Amino acid sequence: MEQALMTLQKQYRRLRTSVFGFIPLLALAIACAFFDRRLTMALLAAAVAYQLLWLRPLQNRYTAAAARANLLQTVGKRLGADALSEKSGGGLAEADIAAAELIPHDSGPGGCLLRQGIQGRLGGYEATVCDATFGESFRLVKNGKRRVHFTSGCWVRITLPEDTGADWRLLHKDALPTPIRQEFYAARPLLDPADPPAGCPESFLYYKGLGPAPGSRTLAQLAKLSGYTPGQAALSLKGQTLSIFIRGRFVSRAVSLKGAPTAEFLRFDPLPELDYLQKLAGAILLDLQRGKPSNI
C-alpha cells in the first residue's frame, strides 16, 4: 500500500502544480483586457486549450488511478484479486445480467453498462463484483409516451458450490420503479408474485418460481443486510447462482481533489456489504441442507 500511496501523491502534486500554472494564464488574460483585446482572446484560447488538452486529462488520470488503488486495496484484497477491469464487468457480461432475470434493461447500446469489474473468491465462493447502470424504457400509461429510466448500483454474482434447485426473487420495494417492475415480471409467468415467507423484511417483494422458497436463515441474513446497507437490495437465486443488485451502492468511490490522498483513503472500504453477502450465501446453503431428507 505504501508504494501505491506514494505514486498517487506524486500524481496529485503534479496535478496541483498544473492547476497553479493555469491561474496566472487566466489572470494575464484578464489584465490584457484593459489594453489589448486581441491578446486577451489569444490568451483565453490558450487557457481553454490548456484546460482541455492537458489539465482535464491529467485530472481524469489521477481520479481513475486513485479509485483503482482504493478498490484493489479493499474489495480486491477481500476477493484475493489483483486485477481490475475498469471498462467492463470483469467476469460479468450483459448475458449474465439477463440470465438472472432480476433487473430489466433495454437491449442495445446504453441499456446495460458494466464497469469496475473485479473477480475472485468471497470466502469459499467464486464471486464477481462490478458497478452497473441499467436503462429501461417504459410507459406510465398504456399507449403513452415512451420514457427511459436509469437504475445504478453494484452487482455481485456468487456461485454456490451446489445447485439449490431454487428459483426465486426478493426485491426491496424501492429497488425498481413500480411500473417497470410490474411490466418486467408480468412477462415472466414462471415467477409468480406471492406473499413473502414468514420472517422476510416487510419492505421486500417476493416472486416465487420453482423449487424451495427462501429459508429462515436466508431471510434473517437478508434482514441484516437490509438493515445495514443504505441502498436497496434485489436478489435472484437460480440454481447455484446468487445474483445481488444493490441500488445506490458502488464499488468505485468518488475522489476528492481538495487534498492529497492518504492511507485512510486507500483503506476506506466502498462495499462492506460483501461481509453480509458472504453470510447470506452460507445461510442459503444451511437452509438447503436442513431441507434435505435425512439418510438415517
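These figures come from a predicted structure and were not determined experimentally.

### Observations regarding the overall build of the chain
When helices and strands are tallied, the chain shows seven helices and eight strands. In terms of overall size, the chain is more extended than a compact globule, its C-alpha atoms giving a radius of gyration of 24 Å where 296 residues would be expected to give roughly 19 Å. By principal-axis analysis of the C-alpha atoms, the chain measures approximately 95 × 55 × 30 Å. Burial statistics for the chain: of 296 residues in total, 44% are counted as buried. The long-range share in the chain, meaning contacts at least 24 apart out of those at least 6 apart in sequence, stands at 71%.

### As for the pattern of salt bridges
By the definition in use, this model includes 12 salt bridges. We note a salt bridge from Asp-96 to Arg-157, for which the minimum N-O separation is 3.4 Å. With Asp-96 in helix 3 (residues 94–100) and Arg-157 in strand 3 (residues 147–159), the pair connects residues that are 61 residues apart, well separated along the chain. Among the residues examined, Arg-157 registers a relative accessible area of 17% and is labelled buried. Here Arg-169 makes a salt bridge to Glu-101, at a shortest N to O gap of 3.5 Å. Residue Arg-169 is found in strand 4 (residues 167–172), and its partner Glu-101 is found in the loop between helix 3 and strand 1 (112–122); the two are separated by 68 residues along the sequence. Under the relative-accessibility criterion, Arg-169 is labelled buried at 0%. With relative accessibility at 22%, the residue Glu-101 sits in the partly exposed group. One network of salt bridges, with partners in common, ties together Glu-101, Asp-167, Arg-169, Arg-188 and Lys-238.

### So, the packing of aromatic side chains
Under the definition given, this model contains seven aromatic pairs. On the numbers, 4.1 Å between centres and 15° between planes, the contact of Tyr-185 with Tyr-207 is stacked. Taken together, the positions of Tyr-185 in helix 4 (residues 178–186) and Tyr-207 in strand 6 (residues 204–208) put the pair 22 residues apart, joining distant regions of the chain. Judged by its relative accessible area of 4%, Tyr-185 is buried.

### A short note on the sheet that holds strand 5 (residues 192–194)
Taken in spatial order, the eight strands make up an open sheet running 1-2-3-8-7-4-6-5, and their pairing is antiparallel. Edge positions in the sheet fall to strand 1 and strand 5, since each of these pairs with one other strand and no more. Neighbour-to-neighbour, the strand axes of the sheet open up by a mean angle of 20°, direction not taken into account. The pairing of strand 4 with strand 7 (residues 232–238) spans five bridges and is antiparallel. Bridge assignment links Asp-167 to a residue of strand 7, and that residue is Lys-238.

### Things to note about helix 1 (residues 2–32)
Taking 1.5 Å per residue, 31 residues should reach 45 Å; helix 1 reaches 46 Å between its end C-alpha atoms and fits that length. Listing the buried residues of helix 1 in full gives Leu-5, Leu-8, Tyr-12, Leu-15, Ser-18, Phe-22, Ala-29 and Cys-32. Residues of helix 1 that are buried sit in contact with helix 2 (37–79) and helix 6 (263–267).

### Observations regarding the side chain of Thr-151
The topology assignment puts Thr-151 in strand 3. Judged by relative accessible area, which is 3%, Thr-151 ranks as buried. Among the polar contacts made by the side chain of Thr-151, one reaches the side chain of His-149 at a distance of 3.2 Å. Setting aside residues no more than four positions away along its own chain, Thr-151 makes contact with Ala-132, Thr-133, Phe-134, Ala-175, Leu-176, Phe-245 and Arg-247.

### Some remarks on the side chain of Glu-273
As for its placement among the helices and strands, Glu-273 is situated in helix 7 (residues 273–291). When neighbours within four sequence positions are excluded, Glu-273 is seen to be in contact with Leu-225, Tyr-228, Thr-229, Pro-230, Ile-246 and Arg-249.

What counts, and where the lines are drawn
Residues numbered from 1 in each chain as written. Predicted model: local features only at pLDDT ≥ 70, side-chain atom pairs only at ≥ 80, totals over all residues. Heavy atoms only, no water. Helix = DSSP H or I, 4+ residues; strand = E, 2+ residues; numbered from the N terminus. Rg over C-alpha atoms; globule rule 2.2 N^0.38 Å. Buried < 20%, exposed > 50% of the residue type's maximum accessible area, 1.4 Å probe, protein only. Contact = heavy atoms within 4.5 Å. Salt bridge = Lys/Arg side-chain N within 4 Å of Asp/Glu carboxyl O. Phe/Tyr/Trp six-rings, centres within 6.5 Å; stacked < 30°, edge-to-face > 60°. Pairing = 2+ DSSP bridges. Axes fitted to C-alpha atoms, helices over the stretch in contact; angles between N-to-C directions. Expected span 1.5 Å × (residues − 1). Polar contact = N/O pair within 3.5 Å; in protein donor to acceptor, adjacent residues only side chain to side chain.

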